Amino acid sequence: MTEPVQTPQSAFKPRIFSGIQPSGGLTLGNYLGALKRFVEKQEEGIETIYCLVDMHAITVWQDPAKLRHATREGAAAFIAAGIDPARSILFNQCQVSAHAELGWIFNCVARMGWMSRMTQFKDKAGKNSENVSLGLFAYPALMAADILAYHATMVPVGEDQKQHLELTRDIAIKFNNDYGVNFFPVVEPIIEGAATRVMSLRDGTKKMSKSDPSDQSRINFTDDADAIAAKIRKAKTDPEPLPDSLDGLKDRPEAKNLVNIYAALANTTTEAVITEFAGAQFGTFKPRLAELAVSVLSPITTEMNRLMQDPAEIDRILGEGADRAEAIARPIVDQVYEITGMVRSRR
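From a predicted model like this one, the values you see are computed outputs, not experimental measurements.

Below, the discussion takes up the overall build of the protein chain. Helix and strand content of the protein chain: 13 helices and five strands. Its C-alpha atoms give the protein chain a radius of gyration of 21 Å, near enough to 20 Å, the size a compact globule of 347 residues would have. Along the first, second and third principal axes, the C-alpha set of the protein chain runs to 70 × 45 × 45 Å. For the protein chain, buried positions account for 52% of its 347 residues.

Structure follows, in structure tokens:
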């Protein structure tokens, strides 16, 4: 048996992992909360691994043809937003079996009590918890496997995923303690930026979501310039002008959301936006926001549509990314089998 690797936490190579579910209908929230930040991390020179987590997507029913389309569309969105497949690793989850293998081991490390406290499961299952899939309950263990199969040290997440990342940390610590090793890093969340959680244009207390019945609640990647401008113009606000300090946005969720979106799109701070627009009515602010949103999103949508004309090329890029991901994950998962006492022949 190979001796387990004992690696000081400070010695793990800096590596970022993150992903999005290819469940279709990408929105402004996906861009500001994920894709834009992924591109920024790529530019920092840290090794970046980005994944379309298609195995997570099937925790709820997915039409197979739509899932294939959504996976390719998600990859096209990554690339159109600025992810360079030569500089970052871009792939879809199911092509690297290490995710499922390590996910099972982590199912045996995680505790039922940990899983039952996950608020996203409660939100998604609601009163129907007895009839949802086991995968929906257990998928935080697979999310931990996604991250730890690469010994990732940092994960860009939104506020709504922070609890799952804390579970990943718990799983890593318990595995290390159970087996007397220092094998998995204790990953750090990266929660930064002005709009890490983009809210609905119709209700500033709810997250922007493709599942919202109202198309007016979100800006889709497929919206043209006129549609984007119209949705921002009709976005819910209040009758008060913009304040001269951030404190003035308290108890004004719709106003705060639009200011956050402007800051994120303009690569500036919310303080700077408030300074620029202090005292302005939304009749002044919204057209400026619409112009900014169109200038940022339209080129991405155009490029994404171009890429989607060649699905074979997208599949090639995902396949090459999967090969590179496999080269990192396979030795790590093989070592996990050694640590846990699994007998495996070397054929």
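Structure's up, so let's keep going.
What follows deals with the side chain of Asp223. Within the secondary structure, Asp223 is located in the loop between strand S5 (188-190) and helix H9 (225-233). Judged by relative accessible area, Asp223 falls into the buried class, the value being 12%. At 2.8 Å, the side chain of Asp223 forms a polar contact with the side chain of Lys231. Beyond its immediate chain neighbours, meaning those up to four positions away, Asp223 contacts Arg218, Ile228 and Lys231.

Once the charged atoms of two side chains with opposite charge are near each other, the side chains can pair. Here the structure, examined in full by the defined rule, presents 21 salt bridges. Linking Glu303 and Arg306 is a salt bridge whose minimum nitrogen-to-oxygen distance equals 2.7 Å. Pair noted here: Glu303 and Arg306 are both in helix H12 (residues 282-307), with a separation of three residues, about one helical turn. Overall, the relative accessible area of 26% leaves Glu303 in the partly exposed class.

Between two packed helices, the angle of one axis relative to the other and the distance separating the axes together describe the packing. Running from N to C, helix H7 (residues 134-148) and helix H8 (residues 162-179) cross one another at 70°; their axes reach a closest spacing of 9 Å. Our classification of the angle between H7 and H8 gives roughly perpendicular. Facing H7, whose interface residues are Tyr139, Pro140, Ala141, Met143, Ala144, Ile147 and Leu148, H8 presents His164, Leu165, Leu167, Thr168, Ile171 and Ala172. Its residues placed into classes, the contact of H7 with H8 shows 11 nonpolar, two polar and no charged.

Tyr31, Leu35, Phe78, Leu265 and Phe285 are the most contacted members of the largest nonpolar core, which totals 61 residues. The leading source of residues in this core is H12, at 12 residues. Listed in part, the 50 residues of the second largest apolar core include Met115, Ala145, Val157 and Phe183.

This brings us to helix H13 (residues 311-340). Counted at 1.5 Å a residue, the expected span for H13 with its 30 residues is 44 Å, and the 40 Å between its end C-alpha atoms agrees. Bending of H13 peaks at approximately 30° at the position of Ala329, with proline Pro331 no more than four residues after it. Taken from the residues just after H13, Gly341 is the one with a positive phi, measuring 85°.

By the element assignment, Glu73 lies in helix H3 (residues 64-81). Put simply, Glu73 is tucked away with no salt bridge, and the nearest opposite charge, on Lys210, sits 9.1 Å away. In contact with Glu73, not counting residues within four places along its chain, are Gly24, Gly25, Leu26, Met304 and Met308.

Definitions and limits used
- Residues numbered from 1 in each chain as written.
- Predicted model: local features only at pLDDT ≥ 70, side-chain atom pairs only at ≥ 80, totals over all residues.
- Heavy atoms only, no water.
- Helix = DSSP H or I, 4+ residues; strand = E, 2+ residues; numbered from the N terminus.
- Rg over C-alpha atoms; globule rule 2.2 N^0.38 Å.
- Buried < 20%, exposed > 50% of the residue type's maximum accessible area, 1.4 Å probe, protein only.
- Polar contact = N/O pair within 3.5 Å; in protein donor to acceptor, adjacent residues only side chain to side chain.
- Contact = heavy atoms within 4.5 Å.
- Salt bridge = Lys/Arg side-chain N within 4 Å of Asp/Glu carboxyl O.
- Axes fitted to C-alpha atoms, helices over the stretch in contact; angles between N-to-C directions.
- Parallel < 35°, antiparallel > 145°, perpendicular 65-115°, else oblique.
- Nonpolar A, V, L, I, M, F, W, Y, C, P; charged D, E, K, R; others polar.
- Core = buried A, V, L, I, M, F, W, Y, C linked by side-chain atoms within 4.5 Å.
- Expected span 1.5 Å × (residues − 1).
- Bend = angle between axes of the 7 residues up to and from the residue.
- Lys, Arg positive; Asp, Glu negative; His and termini not counted.

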